[in-house]
Amino acid sequence: MNARVRRFTDVAALTEAAFAFVAERAMEAVAARGQFSLALSGGSTPLPLYAALAERGLGIAWNDALLFFGDERLVPWDDPENTFGVVRRVLFDKITAPAANIRPMPVQLTPPEAAAAVYEAELRAALGRPNEAVPRFDLILLGMGPDGHTASLFPGSPVLGETKRLVAAAPPPTTAKPAVARLTFTLPLINAARRVAFLVAAKGKETPLAQALAGPDPTVPASLVQPENGVDWFVAEG
């Protein structure tokens, strides 16, 4: 894996570096293509980044940003475990982005496979690849769990072998909580992105982090993220 690893003493330092990185990618994308497509990650580590984006902006007009999610727990938006609900309070409620530019996963649709298909069609239409070609996000943000999972791609999950669907329904994980079904980007979509960045608080994750950086290992799903342009890792040691 072509990994560009930046290590920081704490999450605050990681946040500042990640903020500059995201803003730079946004300005590059708008200059080149007129819009910036960003997939957000769940978890606690990126929340200070989202707060910084809410306060300071992206360096571009929010009208030019398309904001998707890389995975979601299949619980209602007002459930504390729902990623969109958390991010909405930290970011979306504080910015002027058009509602049409904010694209939560459709957790209200059933069955989950139908919800995944709807979200895939939505991102294909938004990113201009409605047919066979894989859409390319300008930037996908990811985290990593102590079990080495990323997005909702968990060790042993059947979704890891997906080669055609870009968004898939994932069964409840056995290696992480909450044990609820999820929707997730698949590896073909993640690996098509122009840039991918992991934001990781390393404490308690030292072993899977080392494994992920060592190269592909099916037991560590984060290691299977291998886009053409390599991966940017922002790692807080403290």
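Please refer to the structure higher up on the page.
Quick look at the structure, then. All of these numbers come straight from a predicted model, not from anything done at the bench.

## Describing the overall build of the protein chain
Across its full length, the protein chain carries six helices and nine strands. A globule of 238 residues ought to have a C-alpha radius of gyration of about 18 Å, and the protein chain, at 16 Å, matches this closely. If one aligns the C-alpha atoms of the protein chain with their principal axes, the spans along those axes are about 45 × 40 × 35 Å. Across the 238 residues of the protein chain, 55% fall into the buried class. Partitioning the intrachain contacts of the protein chain with sequence separation of at least 6 by distance along the chain shows that 75% fall at a separation of at least 24. A total of about 9900 Å² of accessible surface is found on the protein chain, and carbon and sulfur atoms cover 54% of it.

## Examining the environment of Gly34
Within the secondary structure, Gly34 is located in the loop between α1 (11–33) and β2 (36–40). Among the residues examined, Gly34 registers a relative accessible area of 39% and is labelled partly exposed. With 200 residues separating them along the chain, Gly34 and Phe234 place their C-alpha atoms 27 Å apart. Other than its neighbours up to four places away in sequence, Gly34 contacts Ala29 and Asp64.

## Details of empty space enclosed by the protein
Tallied over the full model, the rule gives one cavity of 30 Å³ or more. When its volume is computed, the largest cavity comes out at roughly 30 Å³.

## Remarks on the environment of Thr219
Tracing the backbone shows Thr219 in the loop between α6 (206–214) and β9 (231–236). Put simply, Thr219 and Val86 are 133 residues apart on the chain and 29 Å apart in space, counted from C-alpha to C-alpha. For Thr219, the residues in contact, after removing those within four places along its chain, are Asp147 and Pro155. In terms of polar contacts, Thr219 uses its side chain to reach the side chain of Asp217, at 2.8 Å.

## Thoughts on helix α3 (residues 83–90)
For α3, the full list of buried residues reads Thr83, Phe84, Gly85, Val87 and Val90. Buried residues along α3 sit against β2, α2 (47–56), β3 (65–69) and β4 (71–73). At the N-terminal boundary of α3, the capping side chain belongs to Asn82, with an oxygen 3.1 Å from the backbone nitrogen of Phe84.

## A closer look at the sheet that holds strand β5 (residues 139–142)
With respect to topology, six strands assemble into an open sheet ordered β1-β9-β8-β5-β2-β3, the strand pairing being parallel. The open sheet terminates on both sides in strands that have one partner only, identified here as β1 (3–8) and β3. Averaged over all neighbouring strand pairs, the angle between strand axes comes to 20°, with direction disregarded. Examined bridge by bridge, β2 and β5 share two bridges and lie parallel to one another. Each bridged residue has a counterpart across the sheet, and for Leu38 the counterpart in β5 is Leu139. Where helix α4 (residues 112–127) meets the sheet, its contacts fall on β2 and β3, and the angle it forms with β3 comes to roughly 160°.

Rules and cut-offs
Residues numbered from 1 in each chain as written. Predicted model: local features only at pLDDT ≥ 70, side-chain atom pairs only at ≥ 80, totals over all residues. Heavy atoms only, no water. Helix = DSSP H or I, 4+ residues; strand = E, 2+ residues; numbered from the N terminus. Rg over C-alpha atoms; globule rule 2.2 N^0.38 Å. Buried < 20%, exposed > 50% of the residue type's maximum accessible area, 1.4 Å probe, protein only. Contact = heavy atoms within 4.5 Å. Areas by Shrake-Rupley, 256 points an atom, 1.4 Å probe, with all protein chains shown as cover. 1 Å grid on protein atoms, 1.4 Å probe; cavity = no way out; pocket = protein on both sides within 12 Å on 5 of 7 lines; lining within 4 Å. Points joined across faces, edges and corners; volume = space filled by probe spheres on them. Polar contact = N/O pair within 3.5 Å; in protein donor to acceptor, adjacent residues only side chain to side chain. Pairing = 2+ DSSP bridges. Axes fitted to C-alpha atoms, helices over the stretch in contact; angles between N-to-C directions.

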